[in-house]
Amino acid sequence: ASAHKLSGELGGNVSRDVRAFRVSQEGYVLYTHSGRISGSSELFSAPADGSAKPTLLTDRAEVIDMTPDGGRAVFVASPFGIPGGLHVRAVDGASPSQLVGQGIFPEEFAISSDGLRAVCRIAQWDEYEEDTDEQLLSVDLDGSGWRLIDGGAIDSGAQSFVISPDGSMVAYFVDIPQGIH
């Protein structure tokens, strides 16, 4: 396999400024780069073979991933001028960003193997902005809706979660302190 430099247009210290990246089997690289003006993470995609310049998908991305087929970028964003939350966009930038979870800002998410939904772990904050509990949500990536998983509330000690290979269930574990049931 040959190597291609994709960062020529970025400038700066790329090893420091590129914060996250994903590579698809279909030949695209998805990555965040520290914004030159805003300091936020800009989300770019580029053909892995270097045949085209990177495409800016959004100016403020936080958590990123790619659907298993490599065709869509899924990201948490608060772009200037549009509502924030969980977004989906064609990885080649051909279509506009679709907000599929307005106001949903997960700390982490995982995409089902069929690419139809994302399971998101979000923190619920009380009026004093203390992390009180966490919830798992299933968000349909076509924008048709979302729902709480297993009643939604999980202990604030939640460590991790996974989606089963067939997408039929979500498993998670919680570190429960002694004496609390």
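In this text, all values refer to a predicted model and were calculated from it rather than measured experimentally.

Caption draft 1: Layout of the overall build of the protein chain. The helix and strand inventory of the protein chain stands at one helix and 14 strands. Among the 181 residues that make up the protein chain, the fraction classed as buried is 40%. Partitioning the contacts of the protein chain with sequence separation of at least 6, the portion at a separation of at least 24 is 31%. Accessible surface, the protein chain as shown: approximately 10000 Å² in total, 50% of it carbon and sulfur.

Caption draft 2: Examining the pairing of strand β2 (residues 28–34) more closely. Within β2, six of the seven residues are buried, leaving the element largely enclosed by the surrounding structure. The pairing of strand β1 (residues 18–23) with β2 spans five bridges and is antiparallel. By the bridge assignment for β2, Ala20 is matched with Thr32.

Caption draft 3: Structural detail: the sheet that holds strand β3 (residues 41–47). Pairing within the open sheet is antiparallel, and its four strands lie in the order β1-β2-β3-β4. Two strands bound the open sheet, and with one partner strand each, they are β1 and β4 (55–58). The mean angle between the axes of side-by-side strands here comes to 25 degrees, regardless of whether they run parallel or antiparallel.

Caption draft 4: Representation of the confidence of the model for the protein chain in the model. With 71% of its residues at a pLDDT of 70 or more, the protein chain has an overall mean of 78. Averaged pLDDT values over the elements of the protein chain bottom out at 58 in helix α1 (residues 14–17) and peak at 92 in strand β7 (residues 85–90).

Caption draft 5: Quick peek at the packing of aromatic side chains. Scanning the entire structure with this criterion turns up one aromatic pair. On the numbers, 5.6 Å between centres and 20 degrees between planes, the contact of Tyr31 with Phe44 is stacked. Within this pair, whereas Tyr31 is found in strand β2, its partner Phe44 is found in strand β3, the two being separated by 13 residues in sequence. Judged by its relative accessible area of 5%, Tyr31 falls in the buried class. With relative accessibility at 8%, the residue Phe44 sits in the buried group.

Caption draft 6: Structural view of the environment of His87. Its location among the elements puts His87 in strand β7. When its relative accessible area of 1% is taken as the criterion, His87 is described as buried. Separated by 56 residues in the primary sequence, His87 and Gly143 place their C-alpha atoms 9.1 Å from one another. Engagement of the side chain of His87 in a polar contact is seen with the side chain of Ser97, the distance being 2.9 Å.

Caption draft 7: A look at the sheet that holds β7. Judged by pairing direction, the sheet is antiparallel, and its four strands sit side by side in the order β5-β6-β7-β8 without closing on themselves. The open sheet has two free edges, formed respectively by β5 (61–66) and β8 (98–102), since each of these has just one partner strand. This sheet shows a mean twist of 25 degrees between the axes of neighbouring strands, independent of strand direction. Sheet topology note: the β5/strand β6 (residues 72–77) ladder contains four bridges and is antiparallel. Bridging from a neighbouring strand, Ala61 pairs with Ala77 of β6.

Rules of the game
- Residues numbered from 1 in each chain as written.
- Predicted model: local features only at pLDDT ≥ 70, side-chain atom pairs only at ≥ 80, totals over all residues.
- Heavy atoms only, no water.
- Helix = DSSP H or I, 4+ residues; strand = E, 2+ residues; numbered from the N terminus.
- Buried < 20%, exposed > 50% of the residue type's maximum accessible area, 1.4 Å probe, protein only.
- Contact = heavy atoms within 4.5 Å.
- Areas by Shrake-Rupley, 256 points an atom, 1.4 Å probe, with all protein chains shown as cover.
- Pairing = 2+ DSSP bridges.
- Axes fitted to C-alpha atoms, helices over the stretch in contact; angles between N-to-C directions.
- pLDDT = per-residue confidence, 0-100.
- Phe/Tyr/Trp six-rings, centres within 6.5 Å; stacked < 30°, edge-to-face > 60°.
- Polar contact = N/O pair within 3.5 Å; in protein donor to acceptor, adjacent residues only side chain to side chain.

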